[in-house]
Amino acid sequence: MNILIIGCGRVGSHLVRTLEDLGHDVSVLEGDEKNVDRLLSMENHEFGGMVQIGSPIDEDMLRQAGIENCDAVAAVCPEDNINLMVCQIASEIFHVPRVLARVADPVRKKIFAERFGMHIICSTNLTVEAI
């Protein structure tokens, strides 16, 4: 699969590594250039994809990151609103078949999952369940 990851922090860079290890083609769109260092300096892993620096809610940036050819988009940056907006753009404008957003707010998870049918991972819920 061709997958675009939005956000290259701890979660994003680990997700990139995991997906590449599974044989997927992965690209990254990151808003903050300093976060790319985490991805490029991962131990025992050489990133094989493309990194685009820019706003993930900018349609031109998404195009430059390759969204038009993606099978899936995972928005995992630290900002709930950005992740949700990116997934709406990916789904509604670019018709990406699989989109997933990470959010911290359980209320937002419930609203966007129920009202918009979005696939949402809520880090707060996962943490509480694990504890």
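Rules and cut-offs
- Residues numbered from 1 in each chain as written.
- Predicted model: local features only at pLDDT ≥ 70, side-chain atom pairs only at ≥ 80, totals over all residues.
- Heavy atoms only, no water.
- Helix = DSSP H or I, 4+ residues; strand = E, 2+ residues; numbered from the N terminus.
- Buried < 20%, exposed > 50% of the residue type's maximum accessible area, 1.4 Å probe, protein only.
- Expected span 1.5 Å × (residues − 1).
- Contact = heavy atoms within 4.5 Å.
- Salt bridge = Lys/Arg side-chain N within 4 Å of Asp/Glu carboxyl O.
- Pairing = 2+ DSSP bridges.
- Axes fitted to C-alpha atoms, helices over the stretch in contact; angles between N-to-C directions.

### Notes on the environment of Ser 41
In this structure, Ser 41 sits in the loop between helix H2 (36-40) and strand S3 (51-53). Given a relative accessible area of 57%, Ser 41 falls into the exposed group. Each C-alpha atom, one on Ser 41 and one on Ser 13, is 9.9 Å from the other, the two residues being 28 residues apart in sequence.

### Some thoughts on helix H4 (residues 80-92)
The first and last C-alpha atoms of H4 sit 18 Å apart over 13 residues, in line with the 18 Å expected at 1.5 Å per residue. Those residues of H4 hidden inside the fold are in contact with strand S1 (2-6), helix H3 (59-64), strand S4 (72-75), strand S5 (98-103), helix H5 (106-116) and strand S6 (119-122).

### Digging into the pattern of salt bridges
Enumeration over the complete set of coordinates arrives at six salt bridges. The partner of Asp 32 in a salt bridge is Lys 34, and the shortest N-O contact between them spans 3.9 Å. For Lys 34, a relative accessible area of 59% translates into the label exposed. Between Glu 68 and Arg 63 there is a salt bridge, and its shortest N-O distance comes to 3.4 Å. Its relative accessible area of 34% is what places Arg 63 among the partly exposed residues.

### A word on unusual backbone geometry
A positive phi angle is found at His 95, which is not glycine, with a value near 55°. On the secondary structure map, His 95 appears in the loop between H4 and S5.

### Comments concerning the sheet that holds strand S2 (residues 25-30)
Pairing within the open sheet is parallel, and its six strands lie in the order S3-S2-S1-S4-S5-S6. Two strands bound the open sheet, and with one partner strand each, they are S3 and S6. Between one strand axis and the next, the sheet turns through 15° on average, direction left out of account. Strand direction decides the pairing type here: S1 and S4, joined by four bridges, are parallel. By the bridge assignment for S4, Leu 4 is matched with Val 73.

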